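Coordinate inspection notes
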Amino acid sequence: MNIEKAEIIALQALAFLARDETLLGQFLTTSGLTLEDLKKSCDNDEILGGILDALLKEDGPLLAFCKSASLSPTTLMEARQAMPGGLVCFAD
């Protein structure tokens with residue numbers, strides 16, 4: 001997956017988080033960002049990667065986002081791998 005597509009998916013994930021006060025609050029608490037910081041940094045690939053990380057941590061939010069965006073969890077993992085700090089996994 002290329003970085004542009006990964007960024008689009010991450011921005012969709014940000015919109016998903018923004019619609020859920022609980023998830024957004026958890027992300028802000030975990031990341032140490034304020035809402036104002038997040039607004040100013042929504043074009044930062046490292047922040048976008050962190051948003052994908054937050055969704056990938058828990059099955060409930062992950063599956064809810066994937067359903068709302070018509071994406072598979074695998075696609076979300078591929079997007080995360082394309083972003084800065086993403087890990088590349090190799091199959092045996």
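Scroll up for the structure.
A few points on the structure. (Residues numbered from 1 in each chain as written. Predicted model: local features only at pLDDT ≥ 70, side-chain atom pairs only at ≥ 80, totals over all residues. Heavy atoms only, no water.)

Re the side chain of Thr75
- Its place among the elements puts Thr75 in helix α6 (residues 73–82).
- Residue Thr75 is classed as buried on the basis of its relative accessible area, which comes to 18%.
- Aside from chain neighbours lying at most four places away, what touches Thr75 is Met1 and Ile9. (Helix = DSSP H or I, 4+ residues; strand = E, 2+ residues; numbered from the N terminus. Buried < 20%, exposed > 50% of the residue type's maximum accessible area, 1.4 Å probe, protein only. Contact = heavy atoms within 4.5 Å.)

Focus on helix α4 (residues 45–57)
- The end-to-end C-alpha distance of α4 is 18 Å, a good match for the 18 Å that 13 residues give at a rise of 1.5 Å each.
- The secondary structure elements touched by the buried residues of α4 are α1 (3–18), α2 (21–31), α3 (35–40), α5 (59–69) and α6. (Expected span 1.5 Å × (residues − 1).)

With respect to the pattern of salt bridges
- For the structure on display, the rule yields 1 salt bridge.
- Put simply, Arg80 and Asp53 hold a salt bridge, and the shortest N to O gap is 2.6 Å. With Arg80 in helix α6 and Asp53 in helix α4, the pair connects residues that are 27 residues apart, well separated along the chain.
- Taking relative accessible area as the criterion, Arg80 reaches 10% and is therefore assigned buried. (Salt bridge = Lys/Arg side-chain N within 4 Å of Asp/Glu carboxyl O.)

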